[in-house]
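Here is what each chain is made of, one letter per residue.
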Amino acid sequence: MNSTTPRTIVVTGAAQGIGLALVKSFLAEGDKVFGIDINAAALDAAKADLGDSAAFIPVVADVADRASVDSAVRTIAQSAAPVDVLVNNAAVVRATPFEDVTADNWSQVIGVNLTGVYHCVPALLPLFANPGRIINLSSHSGRLGSLNRAAYAASKGGVDSLTRVLAVELADRGITVNGVAPGPVDTPHA
């Protein structure tokens, strides 16, 4: 159990995989968690899996759509403030050889994985505590490249760069920004 006051955490991509594992970990620490995901049914299943914990608040939103993110932030603002931690975890993976990547495929992957971070950070900044924490999930693919992962690797390389810029720009506001770049994790992907 967290020995300090419970924190308010926002996790994107919270309904499955790494996101749901993070939610469970934060809840075990006694924190209040807003779980953002585009998949309402998966959020409902996660809520049930968590024993309908009152500390887990599911929020349906598409991080690739700024209006959807703004709506989610309004929901969070009505229920809690300040936000102590934002974990930008939402991601999609499409295993496609580079020459077969369509413009729609590219846009979807970049939209969720990179633009989602771009939407969530400024939308949530007015709610942030001081000190606050932002954790951006990247991937080893963003640093090393991976077979059939052109859009994914490009998006995660962008997340790495954006994380470094945000760390510098938000430091004077008492917000630390870090990136985590796991290797392959056996989880379902949308």
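For clarity, every value in this text was computed on a predicted model and none was experimentally measured.

## Examining helix H1 (residues 17-28)
Here's step 1: For H1, built from twelve residues, the straight-helix expectation of 16 Å at 1.5 Å per residue is met to within 8% by its first-to-last C-alpha distance of 17 Å.
Here's step 2: Within H1, burial applies to Gly 19, Leu 20, Val 23, Phe 26 and Leu 27. For H1, the angular spread of buried residues about the axis comes to 125°, placing them on one side.
Here's step 3: In this fold, the buried residues of H1 make contact with strand S1 (8-12), strand S2 (32-37), helix H2 (40-49), strand S3 (56-60) and strand S4 (83-88).
Here's step 4: Where H1 ends, the next residue or the one after it, Gly 30, has phi of about 90°, a positive value.

## What to know about helix H6 (residues 150-170)
Here's step 1: Under the 1.5 Å per step criterion, the end-to-end length of H6 is 30 Å for 21 residues, consistent within 8% with the ideal 30 Å.
Here's step 2: Within the span of H6, buried status applies to Ala 151, Tyr 152, Ala 153, Ser 155, Lys 156, Gly 157, Gly 158, Val 159, Asp 160, Thr 163, Leu 166 and Leu 170.

What counts, and at which threshold
- Residues numbered from 1 in each chain as written.
- Predicted model: local features only at pLDDT ≥ 70, side-chain atom pairs only at ≥ 80, totals over all residues.
- Heavy atoms only, no water.
- Helix = DSSP H or I, 4+ residues; strand = E, 2+ residues; numbered from the N terminus.
- Expected span 1.5 Å × (residues − 1).
- Buried < 20%, exposed > 50% of the residue type's maximum accessible area, 1.4 Å probe, protein only.
- Arc of directions from axis to C-beta.
- Contact = heavy atoms within 4.5 Å.

These values are about where atoms sit, not about what they do.
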